[in-house]
Structures are given as C-alpha cells and as structure tokens.
Amino acid sequence: MSTRLATGGVLIDRTAPVHFTFNGQKHRAFQGDTLASALLANGHRMVGRSFKYHRPRGLVAAGVEEPNALMNLGFGDTFEPNQRATTTEVFEGLTARSQNHWPSLRFDVGAINARLSRFLPAGFYYKTFLQPRAAWKHLFEPVIRQSAGLGAAPAAEARDPDTYEHFYAYTDVLVIGGGVAGLTAARGAAGGGAQVLLIEQTAALGGRALVDGAQIDGLEGPDWVARTGAGLDQLPNLRVRTRTMGAGIYDHGYVLAYERLTDHAPGAPGPRHRLWRIRAKHIITATGAIERPLAFAGNDLPGVMLASAVRDYVGLYGVSPGDRTVLVTNNDDAYRTALTLLDAGLTVPAILDARPQVTGALPDELRARGVRVEAGRGLAKAMGTTHVTHAAVCAQAGEGAVLETIACECIAMSGGWSPAVHLWSHCGGKLTWDDAQALFRPDPARAPTGADGKPFVSTAGAASGALHATEAVEDAAKAGQTVAASLGQDGPEPALAAVNAPPEAPIKPVWLMPQGAGTELRAKAFLDFQNDVKVSDVQLAAQEGFESVEHAKRYTTLGMATDQGKLSNINGLAILSDALGQPIPQTGTTTFRPPYTPISMGGIAGEARGALFKPTRKTPIDTWLDANGAHWEPVADWRRPYAIRRQGESVASAVRREILNTRGNVGLLDASTLGKILVKGPDAAKFLDLIYTNMMSSLKPGRCRYGLMCTENGFLFDDGVVARLSEDSFLCHTTSGGSDRVHGWMEEWLQTEWWDLQVYTANLTEQFAQIAVVGPKARQVLERLGGLDVSRDALPFMGWAEGSLSQIPARVFRISFSGELSYEVAVPAGRGLEFWEKCLDAGADLGIQPYGTEALHVMRAEKGFIMIGDETDGTVTPHDLNLSWAVSKKKDDFIGKRAMERSYLNAPDRKQLVGLATLESKTVLPDGAHAVEGAKKVNGMENMIGHVTSTYYSPTLDRSIAMGLIKGGARRMGQILEFPVDKGVTIKARVVDPVFLDKEGARQDV
Amino acid sequence: MLMLTCPNCGVTAEETEFEPGGEAHLTRAATDSTDEAFRDYLFQRKNPRGVHFERWRHAYGCGRWFHAARCTQTLEVFGTYTAQTSAPPDRIQAAIQARRPDWSLT
C-alpha cells in the first residue's frame, strides 16, 4: 500500500487539509498536493485502465509526462475528460473519476483484450478491417467507435461557464522553465537591464532542485530556490509567472504560453486559462529533462514508477509509494531516489544496476548505508496482477532466467534522462546524439533562426544536455549572459552559484531488459503506456518494412497518445534502430510539434465566443428593423433582414406579401450594405476602363451604368452600378460582401501595376445609408417627401440626381434590381433612419411596406438578374451568363480580356445560364440540383450536364422559377431536362429564357 | 508567425496584420501575348528554396502594398521595399548578398 508519511513534503501544507472524491469515495489531502500525490497518499496505486488492453495502470510519473493517470474531472458544465492527475492541483471539493473501464476500475470487462493481445498486433486496424466491405459500416465502425477515446465526452447540452482570454506580451528575453537553470539564466539575462519574463509550468519554482539533494551556495535546494525566487521578485525588469507552460515556439520569436489561473481555485474571479501570445527577442528554454522508463516485462504494473517520480512523491508530497522499493537503473542519478527513501525511513531491498561495474560516489554511499547493490542485474519481470508484489531478478546480459524474486510494493526504474528538447525543435532547432550520455540534445550550431537570420533560441541546464547540477548551473549562467550580451544589455558577471553534488559515473544505455529477452517478455515490455505499444510491436513494424521512424510511429501508434511520447519516444526509436541494425542518430526522432502538453480549447478560443466570435456589421436602419419583426440572416459580415414579419406571420408568407406589395404598391429596402467606392482623379475613367469589362470612360456625368469586374482569369467576381459623379469622379457600387475585396482589388492594381495613374479610391460604404424605394407608387412617395424633381424627364432610368429630399441631403439613383420603378436614395448614414421613417410616413396610405433580402432575391430572379455567388462561383465568365453586352469589344485592355480569348473559355459546351421552368409549376427545384443526360459514365456516375443556381417560388407569376448553368445551354431552349433529386424522384424542367418577367423592361422605365 | 516591417508606414508588426500577395515583380502579359506566355503569367510561379521576392499588403494597418525579400527556407527577412518598382532595389540586393554570397539576381 502507498500512504502518507508522517513528515516531509516540501510542497504540501499539512495545516491546510482539503477534501476530494475519487470514484465517489471521499478522501483527504493537503494544500499543495496534486491529484496524483493525493491518490497515492490515500492508497490508490491503480488509477486507470489502459487504452487497448484495459490493463490495470498506476502512476508512472509525477509531472507532465504521466501517461496513465488521466481522469474525468468535475461534473455538469465544468466536466472535463483526460485530465492528468499529476498536473492537477487538488482543491476542496475536487471530483475525479477514473476512465476507460466498465463497469468498474477493479473489474473491467474490456480487460479481455489483454488475453487477446496476440490478436491485436501493431497495425491491427489496417490488417483486420479490410474485408468484407459491408462489415465496415455495420460491424467494425460501430465497434471501433464504441472503444475509441479515453474519457467520456462532455454532455451535448453542457456549456462551459468559464471565461478565457488571450494576452499579448513583448519581452527582450523569455525564459521557459523555473528550475535552477531557468532561475540562473533569467538572473544572468536580466543583469544588464533587459526585460525578462520567466514562466514555469507548475505552481512552484525549483524543478528538480527541490528533491535532488544538491547543495547550492551552501543552501539546501529548496532554500536556495526560495531565496533566489525572492531575489528575482526584487528586479523591476524581471517578471515571473508560475502555472504557465511554454506551449510552442514559432517563427521570429513568437511563443504561445498557457497559463492556468483558476484550475486550482474554481470559482475564483477572472479567466480560467490565459493564452499568452509572446514576442521575444530571444528565448531560453530551461525545460529540464524527462526520465526514461526501462523496457522490461510487466513494467506497466501499478507500482512500477520512474525513479524520479518516486523521489518526487516522497520529497515533494511526503507520500510513500510502498514500504519496500526495488530500484532498477542503468545510471547513478537513480541512487538519489534510494537515498530519499532511506531518509524517509522506507526500505530499499536491492538496487539492481544493469551496468557490469558499479563504482562511484552515489553507489558507494548507498553501500555504506547497508543497501544491497547488484551490478549487471536487471529485472526479468515485475510480478503481480493489479499491482507489483515481487521483482524477478535476472542478469541483464542474459535472456531473463529468474535468479531470485524480491518482495516489494514498488519498483523504481531509471533508463537515463532525455532533455526536453520539444520547444527547441518546434521552430527548426536540430538535435545531435550524445553517445556518452545516451541522449539527443540540442545542437547549438543549428539553432532556430529569426528574421535577422540569427539564432533566437538557446537552451540552459538539463535542456542542453547538462544533466549534472554543477554543469547545469554553469551552462545556464553562460546562456543568460550570452543572450544579454547579444542584446547589448550585458550586466556585471554574476557570481556563479557553487553547487555541491557528488560526481556521477557514466550511464550504460539499456533499451531492453534483459538484453536477450525472448518473445514472451518482449510482448509484455511496454514502451508507450497510454497507447499500449510494446517492444514486440515496434519490432514487428520494423520487420514489416516500416523503417522510417515517422512510419513506424503511425503504424504502431507509438508516441501518438495525449502524452505525445514524452516517455516512450527515445526508447521506441532505440528499439527500432536495433531492429533495423542501425545507429540511433540514423533513425532520428519524430517531429516535435506544439503544444508541449495539451491546452484547452477554451484557451485557444480566448474571448472569441458568442457575440465576440466575429463582429456583426449593422446598418443605420438596424434598430428599426430589429424592433419591427426582422428575421435576420448573415450576409457577409452584415446582418440583413431575410423578411420583416408581422405579428403571427410565418417567414414564407411575409416574403410573399413583401413581393406582391412591392410589385403592386411600393416597397422599402435597406440597401445600405451595398459597397460604395469613390474613384477620383484625372485618370479615374482610364482606370475604371481597366477594372470593369465595360467601357466606363464613355459614361456621362449624371448617368449610371451596370458594370462587371473580372479577375485576370476572365471570371466574373463582382458587379454593380457605377455612377459618374463628375468628369473625374465615379461612385462604384459593389455587392454587399464584396466592398472590402473590391476596394482592396482596386488598390492592388493602382499600387502594384498602374502606379503611374493619378487616381484615389475611398471606401465610403458606411458613410451612407442607402434606401431603395421600389414599386409602381415609388415616385409618389418621393414627390411627397419633396425637394427634388424625380419625374421621368428630370430623372430618367439609369440617371442620378443630387439634392435634398425632405430636407435631408440625398443622392438619388434611378436603378432597379427588381424590375420595378425604383429609386435608390443615398443619405448621410447618420440621417438614414430619419429618412427611412419619413418614407414610411409618406407612403403609409400608398401601402408602403419594408421588404427583406429574400423578396429582393425572388424579384431579381423573376427578372433573370444574376447574383454574385449564386450564378457565379469563380469559374463563370460574363459570356456564360449572357452578359456579353457588358464586355467591351472596343477597349484595348481590361482585366480579364486576354483570358476570355483562351480557347477553353470559348468552348461551345461551356455551361451557360438558362431559365428553368418545372413542368409541374408548383414544384420548386432544390438549389444545386444537377441535371443529368444520357447513359451513365463508366464509373457508374450519372452524366451531369449542369446545376440549378437560383430557385424560388414566384408569387408574381404563381409558379416555380429557376436559373441554372447548363452545358451548351444557349442551344437547348425548349429542351426538357431531368433533375434526379432523390431516390426514384426526378423533377423535369424546360429550358427557357431566364427573364421570366417583363422582358422588355417596361415596368422599370416609367 | 513572421514579423514584417511595412516600408510605407514604418510599422513592424505581426504577420496577421498583413495579407500575402504572392510572387513579386511579375510582368503582366499583354493582350496580344501568346497562349503560353499568358498561361505562364497566370499560373507559373517561382517556388524557390531560398531567396524569394514577394508581395504583401499592410491590410490591417496603412493598407498599402510593399515587397519583401525573404528566405523561404530560414524565413530570414532581408528587407522590405516599395511596391512601385519592377526590380529589387540595390540596397536590398546588397543586403541579400551580404547574407547569401552565392546569390545573384537572375
């Protein structure tokens, strides 16, 4: 059993008990505990079941690298699955449940998978589910979905009540990691006045100095950390943030950091997580190193832990992992764990050291204290069912013959250390293999480089591969000073901290224990605990030809779990290298990608949720519309009323009423969203001749012309009415969604191609409210407003006039998108609502009613007017849309002219715009429905000849109308096309002229 | 995420403040160009591993276009300069040569 020790634990406050529940059981812990240490203190050695085989699993690690102890945390709206117990600080009322088992942690039906493990080899999915095809949908997929994932998904109706934020920070130097190296480097970097930000992922500074026993400057580790931390707080140019994890390093010194503000104190005010978006001139990663497990059979049993984790649980939290701990190692550092255990009054029955000779200060110290140290020994296996009961000792050189078994509750293993090189590697930093220490470490000669081509990331301490405390401090001090000097802010050289730690003998790499382990043992020697990948799986992958480390990773899923292989990757690629008979550096590592540890989706979203996700653009008429029944729809960034409903009216009947009223009386449309771009200058006409397909230079002041804009590909991308305001100025109307794009487009050509033209552009879209007064009685309304002659003679169709209406300055355009008599009136935005209301008053007895975007759409379709985005999709030319009349043949050049001469754009079977009249007049074609013709193609697909682009029921004509783009459409007039819309349902429609109403245009020109 | 300096307004800002505009110094094909020349103008782009000239717009700043000389491999920025030019100016070429002695404008 694991339990709380009577004394010890530098991070816990024994005077501050807190209570939490695990699987419904209430437990006591102390302030400062992690959920992991609290579980261990309460005797929970088994904390979950593994993903694939449902094997019992316990804590392996004490930090971010923990693969097993993933928990369902909280409940209701704050429920979160897959939270690591080792990085979860305990708080009063915390609720945790273990995952991936049914019906209970102790008895789990899925554990049958463990018995079936030889039928679940590497690449199982790829091999098993190929045939028969039908079985995929009905058998394999449901079963896989059922067994996929670790924790439970939050309830569909749950809504995260917490808030999150993004935070921007700029600093000269960012130090990531608050251990001895980070503190030393930060102090050095800040000495000359540079702004330094130090972040530490845990709640406490100090890293391994808190438990490793080294004396620094004559102080015990925790005391030195406390003193140094307090010293840093005095520096005005140095900021320290704990609970802030360096998640990723990106180009040019961009860093994402993830701060957990209230995870440990739910309900506290403020955001729960904060995503720091940092720009640093230089970054020092002092991220330490992560201990490697040893690959022996049964190394995943609860009770088998990293030696450093055992040291942490005893030293940081005063928790005993068991009375008797057998230590198995290939290096000296693990002996520190034995010292810690002895000092806590616990028993170390034996230290099994895989090295043939074991000499050195630390082993000698243990021998002196009466501990049995066995050289050349390893573990044949860890024994036990739900937790470790015995260690079976063997010769490391052999095949695993058991020499003796030693009763124990805990096995502390150490396969050496791997520097945490993730952040260094994110932005292109390269690694080098250090054979003497058996680790990959950053190669300072191949650091990530910034905008100036110079390195912008350095490493400090164990992250550099300087594992010994003395070297780590020297390395970190140098890193800090070098960075300060490179920024021209070097200060006085600080005194190097004096470290008192015993020297260490070299490590001997051990990738498999024992080295000659047979099939049986290798199939129980785990590399990746979370994804259940064993030594045998990686060897099988190599045997099957997955030689690249990236392929082997994906085939076996090694390192693909939520811990991203922090424990498993180096061991796995060493096994792969061995299987391939090549040195480790030749195999290389997989790619390190951000984030370093998982971060919350809330943190990524920050404030961007709900109304803040994207700003909504609103017109000056918005408040009136909202108060008077607007049924909103998004149009680009705007919201526009789809229809304006009356009390108790359905949306569909509102649309119908609005159309009939506009065609019969008079309607009012808020067209303020239309883009309005002023183009002014001596060369404005010349410029617009290049931008539009039509001739704009021939337009007379006072007149309007409908214009088309194409890309250089010859494809239509925006349209609108151009009004010539004067000899040198034009007002170009664009689509609602296109105003910014068109303005940018004009500027692009002016600035980058025709910079000799003397033209200015200004986007005036939001400066004006634009209100369309539409219908046979429109003129009467404007006449009643008074102030401007709006008669046919004074203001003919496609003309415009400036003056005032009802004392409001106005520009009146006689343009029509409905086919009716229509005036679009632009007034200053601030007077838009006033004008709108005056129109409503003036037209009250004429039956004036506002109408929305759907009525606008239906009416324009009745007239066969195209809509950008409906009839166009970036592959359609003006000619395809029967708009050849708007493409000038006289101009030498315009954007898209050359493209339209390409043979493909003149092919006779191009899709062309036609009208579609269903034979059954009440049946409306579905939008996007495809027309088919003739025999099926060889691949069994129907031969599709085009599709529906706009389709409505026209209340004016009392029948369905549609437009479509159909191959060779112009030649098909009168043909009947088939649109299969569902199984056995085909709609037939006749190809007709797309202008359904008033082909002559008599209604608009009155 | 890159940092770029807009030569028009002098602001050094994050990449998200800019919009990329593809390869710089293209010559627009004339209306009487051959099909092949026009195709190349429309679609054929350089994709070098190394020095590259590209167009950017300070979309969320001054709104103006500029050019950047950049290494696509290391992301080093050699300099930014006006968009109203058909070739990289001498100072930009010198800055590139200082960092990439083997490079020349071809």
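Residues numbered from 1 in each chain as written. Chains lettered and ligands numbered in written order. Predicted model: local features only at pLDDT ≥ 70, side-chain atom pairs only at ≥ 80, totals over all residues.

Re the sheet that holds strand 3 (residues 25-31) of chain A
Residues and elements named next belong to chain A.
Phase 1: Judged by pairing direction, the sheet is mixed, and its five strands sit side by side in the order 3-2-8-6-7 without closing on themselves. Each edge of the sheet is formed by a strand with only one pairing partner; in this case those strands are strand 3 and strand 7 (80-84). With strand direction ignored, the average angle separating the axes of adjacent strands in the sheet is 40 degrees.
Phase 2: Relative to strand 8 (residues 94-98), strand 2 (residues 13-22) is paired through three bridges, and the arrangement is parallel. Residue pairing in the sheet places phenylalanine 22 in a bridge with alanine 96 of strand 8. (Pairing = 2+ DSSP bridges. Helix = DSSP H or I, 4+ residues; strand = E, 2+ residues; numbered from the N terminus. Axes fitted to C-alpha atoms, helices over the stretch in contact; angles between N-to-C directions.)

Let's talk about unusual backbone geometry
Residues and elements named next belong to chain A.
Phase 1: Here the bond from methionine 513 into proline 514 is cis, since omega is -10 degrees, no more than 30 degrees from zero.
Phase 2: Within the secondary structure, proline 514 sits in the loop between strand 31 (499-500) and helix 12 (519-522).
Phase 3: The backbone of aspartate 998 sits at a positive phi, close to 50 degrees, despite the residue not being glycine.
Phase 4: Within the element layout of this structure, aspartate 998 appears in the segment after strand 52 (985-992).

A word on the interface of chain B and chain A
Phase 1: Contact with chain B, which involves 21 residues of that partner, is made by 21 residues of chain A.
Phase 2: Considering only residue class, the side of chain B that touches chain A consists of ten nonpolar, five polar and six charged. (Contact = placed C-beta atoms within 7 Å. Nonpolar A, V, L, I, M, F, W, Y, C, P; charged D, E, K, R; others polar.)

Brief notes about the domain arrangement of chain A
Bring the parts together and some accessible area is lost; that lost area is often taken as the interface size.
Phase 1: Annotation of chain A at the domain level lists domain 1 (1-157), domain 2 (164-289 + 419-500), domain 3 (320-410), domain 4 (519-582), domain 5 (615-905) and domain 6 (907-1006).
Phase 2: Centre-to-centre, using C-alpha coordinates, domain 2 of chain A lies 34 Å away from domain 3 of chain A. (Domains from an automatic or database assignment.)

Here's the deal with the environment of arginine 57 of chain B
Residues and elements named next belong to chain B.
Phase 1: One can find arginine 57 in strand 4 (residues 51-57).
Phase 2: Overall, the presence of 23 C-beta atoms within 10 Å leaves arginine 57 in the buried class.
Phase 3: For the pair arginine 57 and alanine 83, spaced 26 residues apart in the sequence, the C-alpha separation amounts to 9.5 Å.
Phase 4: Setting aside anything within four residues of it in sequence, one finds arginine 57 in contact with Phe18, Glu19, Gly21 and Trp65. (Buried ≥ 20, exposed ≤ 12 C-beta atoms within 10 Å, placed from the backbone.)

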